[in-house]
Amino acid sequence: MATEKHLKEIQAYSGAYREPLKLNGADLSGANLRGLNLQWVTMGISGATPSNLQDADLSGANLYAANLNHAHLNRANLSNACLVRANLTGADLSNANLEGAQLTDADLRFANLSYANLTGADLYGAKIYGTQLDGATLNGIVISRPDNY
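This write-up is about the structure you can find in this document. Note that the structure is a prediction, hence the values are computed from the model and not measured. The residue count restarts for each chain, going from 1 along the sequence in the order it is written. For this predicted model, a pLDDT threshold of at least 70 governs which residues receive local features, and a threshold of 80 or more governs which side-chain atom pairs are given and counted, while totals over whole chains, interfaces and linings are taken from all residues. Hydrogen atoms and water are omitted, and side-chain values are computed over all heavy atoms in the structure.

Take the overall build of the chain next. When its secondary structure is counted, the chain shows one helix and zero strands. Throughout this description, buried means an accessible area under 20% of the type-specific maximum (1.4 Å probe, protein chains only), exposed means over 50%, and partly exposed covers the range between. Counting the 149 residues in the chain, one finds 47% classified as buried. Residue pairs at least 24 apart in sequence account for 6% of intrachain contacts in the chain once pairs closer than 6 positions are excluded. Helix numbers and strand numbers start at the N terminus; a helix is a DSSP run of H or I with at least 4 residues, a strand a run of E with at least 2. Two residues qualify as a contact provided that any one of their heavy atoms is within 4.5 Å of a heavy atom in the partner residue.

Encoded structure:
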């Protein structure tokens, strides 16, 4: 379960614009962070991440290799977020804003991306088997690299 110390840090940070909050390695399992302003937070490579991030603002967040397995991220703002190598298996990203997000080598198997905005997202090497993309905006997504990249 999420530690009291980390939850207090997150609540104090929400909506504040200062140094990015660094939560690497924090145990946030079961934490309800619904609707919080977590812009530019660093939460990657943590053992257990929050299960409820619905409506949260994670724009510009660094979620490199974060474990977001089966997380609720519907309607979350993940624009320009780094989700490289993130585990999003079975996550609910319906209606999420992933515009310009870096999803290189992310695991999106069986994730729900229905009606998500993926404009300009980088999905190179992402695992998308069984991913729901009904109604998703896919303008300008990157799924392959040119030979001279």
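Within the element layout of this structure, Asp57 appears in the segment after helix H1 (4-13). Under the convention used here, Asp and Glu are negative, Lys and Arg are positive, and both His and the chain ends fall outside the count. The term salt bridge refers to a side-chain nitrogen of Lys or Arg lying within 4 Å of a carboxyl oxygen of Asp or Glu. In this structure, Asp57 is buried with no salt-bridge partner, the nearest side chain bearing the opposite charge being Arg75 at 13 Å. The definition of a polar contact used here is a pair of N or O atoms within 3.5 Å, where within protein one atom must be able to donate a hydrogen and the other to accept one, and adjacent residues in sequence count solely through side-chain atom pairs. A polar contact of 2.7 Å, which involves the side chain of Asp57, links it to the side chain of Ser59. Separated by 3.5 Å, the side chains of Asp57 and Asn77 make a polar contact. Beyond its immediate stretch of four places on either side in the chain, Asp57 contacts Leu36, Asn37, Leu38, Gln39 and Asn77.

Turning our attention to unusual backbone geometry. Of note in the backbone geometry, His70 takes a positive phi value of approximately 60 degrees without being a glycine. Mapped onto the secondary structure, His70 falls in the segment after H1. Positive phi, normally seen in glycine, also occurs at Phe110, with a value near 60 degrees. Relative to the helices and strands, Phe110 is located in the segment after H1.

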